[in-house]
Amino acid sequence: MDPIRQNDFLLSRGFNRLIRMSLPKIDETHDPHLRTWVDGADGHTEFPLQNLPLGRMSLAGEETQACIAIGDFVVRLKNLLDCGLLSGDAEAAAIAACRPSGSAVVGLRPAHRVALRRAVSNLLRVDTAAGQRARQLSPQFLIEAAACDLHLPARIPNFTDFNAGIHHAANGGRRRGLKDPLLPNYRHLPIAYHSRASSVQLSGKPVFRPWGQWLPEGEEIPVFAPSRRLDFELELGIWVGRGNALGEPIDIANCADHIAGYCLINDWSARDIQSWESQRLGPFLGKSFCTTISPWIISPEALAPFRGPGFERGQDHPRALPYLEDPVDAREGMPQLQLSVLVSANPDSDPVLISRSHTRHLFWTPAQMLAHHASNGCNLQAGDLFGSGTITGDDPQSFGTFLDAPTPRFMCDGEQLILRAHAVREGYVSIGFGDCMARIEPAKGAK
């Protein structure tokens, strides 16, 4: 189909090609000179005043409620409301975030997120009248993060795992002996499969080595036994905010309004189970046993100074079809994140850095993933979670999974693996995602 006819077709399907994507703006909340009265938050490696991610927490005997991270503390939004410190759109946003719905935090509209972010930033600043009043009332709404339990930031109706890490995809093709390591469709659409939402777990929860059926090397009959090839996968998580009605696609120009934020994902893989069961069909039990995510939703607004292009496509890569193209998204649709992987032999040993990678190795942007997911009319829902796919880089020390490492190995019982992400740009305060960590426990029932 030629471009003119294709655009006519897209218009007939409800895609508005005249609108261009609008991304969050850099504003006063990103000012690197801002200082807070919260002890230890200035210069915090993860959650300085310029970050303010959303999450959910509880204290013993209390219901789960929405909260915001600041340094080593959390701001409890319900308590903040009770103190009468919010008004207007910020108050409306906090009330909405505090609703008992499991998707309330991700369901905030962008304008409400902006209003809440600006108001909380102002309340936590050391040099504002609102900040001085909030400081006096802080015992009522501010609590040490170590004193509370964090929960999944949203109920997850669906979990979709993409394969947008081009170097990981190419490595898989090379292992299979393909002449062109990327299959013909890879450069044309964001490949994905539907994974298991119920087994998504919060950072810090243990991962039990899965049982499964796999084929020992040199054998013809499979065994049913605990996996011997337990692997990690470094991924960017994308939270869906506002969904769409069944049958109605989402134009890529509007996708930014549907992304509630980001997290880190470790989509654990039992490679022996996966390789045996995935012949002719996709992953199943080799992936569904557990996925670990970091506990905080890093908002698109917090990442406004840290946007840039995705993978730099050369002449050997075809141009994306019109429904996946937007000039703003192409220029600044990818959060620019430095990623790291650390391993410790046990909870008492210091973690050792084993790999560094970067989101620039993702071939498809979050907006392109979302636009493609909804292009057939699939109804996305608030709280849906996307995994970007494994983010392996283009050098041996930037692997996002042991399968891509120069010397492959697999996880041992008792080991802890930690994923970290930081947004860094000269002239701005760096922000982090918090640890995405899990310890490997022996298979239940194994002798």
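Data block above holds the structure.
Residues numbered from 1 in each chain as written. Predicted model: local features only at pLDDT ≥ 70, side-chain atom pairs only at ≥ 80, totals over all residues. Heavy atoms only, no water.

Undergrad: It is not clear to me how the overall build of the protein should be interpreted in this structure. Could you clarify?
TA: Along the protein, the regular secondary structure elements total 10 helices and 24 strands. A globule of 447 residues ought to have a C-alpha radius of gyration of about 22 Å, and the protein, at 22 Å, matches this closely. Viewed in the frame of its principal axes, the protein has a C-alpha envelope of about 70 × 65 × 40 Å. Going through the 447 residues of the protein one by one, you find that 55% of them count as buried. Here the analysis covers contacts within the protein between residues at least 6 apart in sequence; of these, 74% occur between residues at least 24 apart. For the protein, the exposed surface amounts to about 19800 Å²; the carbon and sulfur share of it is 51%. When the 44 basic and 49 acidic side-chain charges of the protein are each reduced to a single mean position, those positions are 3 Å apart. (Helix = DSSP H or I, 4+ residues; strand = E, 2+ residues; numbered from the N terminus. Rg over C-alpha atoms; globule rule 2.2 N^0.38 Å. Buried < 20%, exposed > 50% of the residue type's maximum accessible area, 1.4 Å probe, protein only. Contact = heavy atoms within 4.5 Å. Areas by Shrake-Rupley, 256 points an atom, 1.4 Å probe, with all protein chains shown as cover. Lys, Arg positive; Asp, Glu negative; His and termini not counted. Charge placed at Lys NZ, Arg CZ, Asp CG, Glu CD.)

Undergrad: What should I look at first to understand the pattern of salt bridges in this one?
TA: Counting across every chain of the model gives 18 salt bridges. R307 is paired through a salt bridge with E332; the nearest N and O atoms lie 3.0 Å apart. Highlighted residues: R307 in strand β17 (residues 307-308) and E332 in helix α9 (residues 327-332), separated in sequence by 25 residues. Residue classification places E332 among the partly exposed residues on the basis of a relative accessible area of 21%. By sharing partners, the salt bridges in this structure join D231, E233, D267, R271 and K287 into a single network. (Salt bridge = Lys/Arg side-chain N within 4 Å of Asp/Glu carboxyl O.)

Undergrad: Help me understand the sheet that holds strand β8 (residues 200-202) in this model?
TA: Sheet strands associate in pairs through backbone hydrogen bonding, adopting either a parallel or an antiparallel arrangement. Across the sheet, which stays open at both edges, the seven strands sit in the order β7-β6-β21-β13-β14-β16-β8 with mixed pairing between neighbours. Strands with a single pairing partner mark the edges of an open sheet, and in this sheet they are β7 (192-195) and β8. Pairwise comparison of adjacent strand axes, ignoring direction, gives a mean angle of 35° for this sheet. Relative to strand β14 (residues 259-266), strand β13 (residues 234-240) runs antiparallel, the two being bridged by seven bridges. The residue bridging W239 from the neighbouring strand is G261, located in β14. Contacting β6 (159-162), β7, β13, β14 and β21 (385-387), helix α10 (residues 366-374) crosses the sheet at an angle of about 105° to β14. (Pairing = 2+ DSSP bridges. Axes fitted to C-alpha atoms, helices over the stretch in contact; angles between N-to-C directions.)

Undergrad: Explanation requested: the pairing of strand β1 (residues 54-58) in the structure shown.
TA: Two faces make up the sheet, and in a regular strand the side chains alternate between them. Of all the five residues making up β1, four are buried; the element is thus mostly covered by neighbouring parts of the structure. Two elements, β1 and strand β2 (residues 65-70), share four bridges in a ladder whose sense is antiparallel. What sits directly across from G55, in β2, is C67. The antiparallel hairpin formed by β1 and β2 contains six residues in its connecting segment, where G61 sits at a positive phi of about 80°. Pairing of β1 with strand β5 (residues 149-151) involves three bridges; the strand directions are antiparallel. Across the sheet, the residue bridging to R56 is H151, located in β5.

Undergrad: Is there a simple way to explain the packing of helix α3 (residues 88-97) against helix α4 (residues 110-124) in this structure?
TA: When two helices pack together, their arrangement is given by the angle between the helix axes and the distance between those axes. Contact geometry for α3 and α4: axes closest at 8 Å, N-to-C directions at 105°. Taken together, α3 and α4 sit at an angle that is classed as roughly perpendicular. Contacts between α3 and α4 pair D89, A90, A92, A93 and A94 from the former with H112, A115, L116 and A119 from the latter. For the contact of α3 with α4, the residue count by class is seven nonpolar, one polar and one charged. (Parallel < 35°, antiparallel > 145°, perpendicular 65-115°, else oblique. Nonpolar A, V, L, I, M, F, W, Y, C, P; charged D, E, K, R; others polar.)

Undergrad: Just to check I follow, could you spell out the nonpolar core for this structure?
TA: Soluble globular proteins: nonpolar side chains tend toward being buried together. Among the nonpolar cores identified, the biggest contains 72 residues, and F232, W268, L303 and F433 are the most heavily contacted of them. For this core, the elements supplying multiple residues, two or more each, are β2, α6 (166-175), β13, β14, β19 (338-344), α10, β22 (416-423) and β24 (436-441). Ranked by residue count, the leading element in this core is α10, at five residues. Filtering out sequence-adjacent residues up to four positions away, F433 remains in contact with E46, F47, L236, Y262, C263, L264, S294, W296, I298, L303, L337 and A421. The next biggest cluster of nonpolar side chains, apart from the first, holds 46 residues, and it includes V75, L108, L116 and W239. (Core = buried A, V, L, I, M, F, W, Y, C linked by side-chain atoms within 4.5 Å.)

Undergrad: Mind showing me how you'd approach the state of the cysteines here?
TA: Disulfide: a covalent bond formed between the sulfur atoms of two cysteine residues. For the structure shown, the criterion picks out zero disulfides. Cysteine C255 is unpaired, with the sulfur of C378 as its nearest cysteine sulfur at 13 Å. With relative accessibility at 0%, the residue C255 sits in the buried group. Since its relative accessible area comes to 24%, C378 is described here as partly exposed. (Disulfide = S-S within 2.5 Å.)

Undergrad: Help me out: how do you make sense of the packing of aromatic side chains in this one?
TA: Each pair of aromatic rings is reported with the distance of its centres and the angle of its planes. Inspection of the entire model under this criterion finds nine aromatic pairs. Measuring from centroid to centroid gives 5.3 Å for F363 and W364, while their planes differ by 80°, and the two rings are edge-to-face. You can call W364 buried: its relative accessible area is 1%. Taken together through their ring pairs, the aromatic side chains of Y186, F311, F363 and W364 make up a single cluster. Positioned above the aromatic ring of F208 is the side chain of K444, whose terminal nitrogen or guanidinium carbon lies 4.4 Å from the ring centre. (Phe/Tyr/Trp six-rings, centres within 6.5 Å; stacked < 30°, edge-to-face > 60°. Lys NZ or Arg CZ within 6 Å of the ring centre and 35° of its normal.)

Undergrad: What is the right way to read the sheet that holds β5 from this model?
TA: In space, the five strands of this open sheet follow the order β4-β3-β2-β1-β5, with antiparallel pairing throughout. Each edge of the open sheet carries a strand with a single partner, namely β4 (142-144) and β5. On average, adjacent strands in this sheet sit at an angle of 45° to one another, irrespective of strand direction.

Undergrad: Can you walk me through α4 in this structure?
TA: Because each turn of an α-helix spans 3.6 residues, side chains separated by three or four positions end up pointing in the same direction. Relative to the 21 Å expected for 15 residues at 1.5 Å per residue, α4 spans 21 Å between its end C-alpha atoms, a close match to the ideal helical length. Restricting attention to buried positions, one finds in α4 the residues R113, A115, L116, R117, A119, V120, S121, L123 and L124. (Expected span 1.5 Å × (residues − 1).)

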